[in-house]
Amino acid sequence: MKRLTTSGARRQDAREKIELGGLIVKAGLRYEKRALLLGLLIDAGIRLAHDEKEHDRLTAIGAQAFGHDDA
């Protein structure tokens, strides 16, 4: 990972990580083990790289969870 040298960059990195953690909570996965969460994300990344329909399907699910269609 690229080393963050400025306090602004460190704050931005921390904010992004907090936001990503919020997605885990919003998905109802707060209490799952980290290994499971990482496995889910790796598997999804592989599937998304090979299947545009799956990408669109999951995007629609996420947009609905956020309550809008422009995610």
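Provided above is the structure to which this section pertains.
Residues numbered from 1 in each chain as written. Predicted model: local features only at pLDDT ≥ 70, side-chain atom pairs only at ≥ 80, totals over all residues. Heavy atoms only, no water.

**Side note on the environment of Lys17**
Stage number 1. Note on placement: Lys17 falls in helix 1 (residues 7-26).
Stage number 2. Taking the relative accessible area as the measure of exposure, Lys17 reaches 49% and is therefore partly exposed.
Stage number 3. Of note is the side chain of Lys17, whose polar atom sits 2.9 Å from the side chain of Asp13. (Helix = DSSP H or I, 4+ residues; strand = E, 2+ residues; numbered from the N terminus. Buried < 20%, exposed > 50% of the residue type's maximum accessible area, 1.4 Å probe, protein only. Polar contact = N/O pair within 3.5 Å; in protein donor to acceptor, adjacent residues only side chain to side chain.)

**A word on a nonpolar patch on the surface**
Stage number 1. Among the surface-exposed residues, Leu20, Leu23 and Phe66 lie close enough to one another that they form a single nonpolar patch of about 290 Å² accessible area.
Stage number 2. Following the sequence through the fold, Phe66 ends up in helix 3 (residues 52-66). (Patch = residues over 30% accessible without salt bridge, like charges linked within 9 Å, V, L, I, M, F, W, Y side chains within 5 Å. Areas by Shrake-Rupley, 256 points an atom, 1.4 Å probe, with all protein chains shown as cover. Salt bridge = Lys/Arg side-chain N within 4 Å of Asp/Glu carboxyl O.)

**Some thoughts on helix 1**
For an α-helix the count is 3.6 residues per turn, leaving residues at separations of three or four pointing the same way.
Stage number 1. Given a rise of 1.5 Å per residue, 20 residues ought to cover 28 Å, and the 28 Å separating the end C-alpha atoms of helix 1 matches this to within 8%.
Stage number 2. Gly28 lies just past helix 1 and shows a positive phi near 80°. (Expected span 1.5 Å × (residues − 1).)

**Points about the packing of helix 2 (residues 34-50) against helix 3**
Stage number 1. Their axes nearest at 5 Å, the elements helix 2 and helix 3 cross at an angle of 125°. In this view, helix 2 runs oblique relative to helix 3, as classed from their interaxial angle. Residue-level contacts link Arg47, Leu48 and His50 of helix 2 to Glu52, Glu54, His55 and Leu58 of helix 3.
Stage number 2. Classifying every residue of the contact of helix 2 with helix 3 gives two nonpolar, two polar and three charged. (Axes fitted to C-alpha atoms, helices over the stretch in contact; angles between N-to-C directions. Parallel < 35°, antiparallel > 145°, perpendicular 65-115°, else oblique. Contact = heavy atoms within 4.5 Å. Nonpolar A, V, L, I, M, F, W, Y, C, P; charged D, E, K, R; others polar.)

**Considering the pattern of salt bridges**
Stage number 1. A complete count under the given rule lists five salt bridges for this structure.
Stage number 2. Glu19 is the salt-bridge partner of Arg15, the closest N and O atoms lying 3.3 Å from each other. You can see Arg15 and its partner Glu19 sitting in helix 1, four residues apart, about one turn around the helix.
Stage number 3. A salt bridge links Glu54 to Arg57, with the nearest nitrogen and oxygen atoms 2.9 Å apart.

**A short note on the side chain of Glu54**
Stage number 1. Looking at where Glu54 falls in the secondary structure, it is placed in helix 3.
Stage number 2. Among the polar contacts made by the side chain of Glu54, one reaches the side chain of Arg57 at a distance of 2.9 Å.
Stage number 3. Those residues in contact with Glu54 that lie beyond four places of it in its chain are Arg47 and Leu48.

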